[in-house]
Amino acid sequence: MKKTRRHIIEGVVLEIPLRYDERSGREIEEYPDLLGDPVYTPAGERVLLTIEDACPDAELSADGMRDCGSCLYYRQVPGTLLGVCGHKKKRRG
């Protein structure tokens, strides 16, 4: 059975598979395709990777990159590359 790491993100549980990386000597998370197969919190907000390209609705800090992690609507989850987009246009429904 493949190892996983469990993340509870604002009420949604994600089991992220791990793989051993020879180069770093550590197990690293293999994130799912959250753009192609969206995951939402119970409040209807979308879970995304920090490193995804920012969408056209992003409000980016002046010194940030053009990724979700630099958007003012994005809430980063500590210890992972996952977070939640709080923009109303990205909500489910």
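Presented here is a report on the structure given in the accompanying data block. Since we're looking at a predicted model, the values are computed, not measured.

1. Some points on the sheet that holds strand 5 (residues 46–49)
The four strands are arranged 4-5-7-6 in an open sheet whose pairing can be described as antiparallel. Among the strands making up the open sheet, the edge pair consists of strand 4 (39–40) and strand 6 (74–76). As paired strands, strand 5 and strand 7 (residues 82–85) are joined by four bridges and run antiparallel to one another. Bridge assignment links Arg46 to a residue of strand 7, and that residue is Cys85.

2. Focus on the pattern of salt bridges
Following the criterion strictly, the structure yields 10 salt bridges and no others. Of the charged contacts, one joins Arg19 and Glu30 as a salt bridge, the two residues approaching to 3.2 Å between their closest N and O atoms. Of this pair, Arg19 sits in strand 2 (residues 12–21) while Glu30 is found in the loop between strand 3 (26–29) and strand 4, placing the two residues 11 residues apart along the sequence. Among the residues examined, Arg19 registers a relative accessible area of 35% and is labelled partly exposed. Given a relative accessible area of 29%, Glu30 falls into the partly exposed group. Between Lys89 and Asp57 there is a salt bridge, and its shortest N-O distance comes to 3.4 Å. Residue Lys89 is located in the segment after strand 7, and its partner Asp57 is located in the loop between strand 5 and strand 6; the two are separated by 32 residues in the primary sequence. Exposure remark for Lys89: the relative accessible area of 58% places this residue in the exposed category. A relative accessible area of 22% places Asp57 in the partly exposed class.

The rules behind the values
- Residues numbered from 1 in each chain as written.
- Predicted model: local features only at pLDDT ≥ 70, side-chain atom pairs only at ≥ 80, totals over all residues.
- Heavy atoms only, no water.
- Pairing = 2+ DSSP bridges.
- Helix = DSSP H or I, 4+ residues; strand = E, 2+ residues; numbered from the N terminus.
- Salt bridge = Lys/Arg side-chain N within 4 Å of Asp/Glu carboxyl O.
- Buried < 20%, exposed > 50% of the residue type's maximum accessible area, 1.4 Å probe, protein only.

The analysis is restricted to geometry; functional conclusions fall outside its scope.
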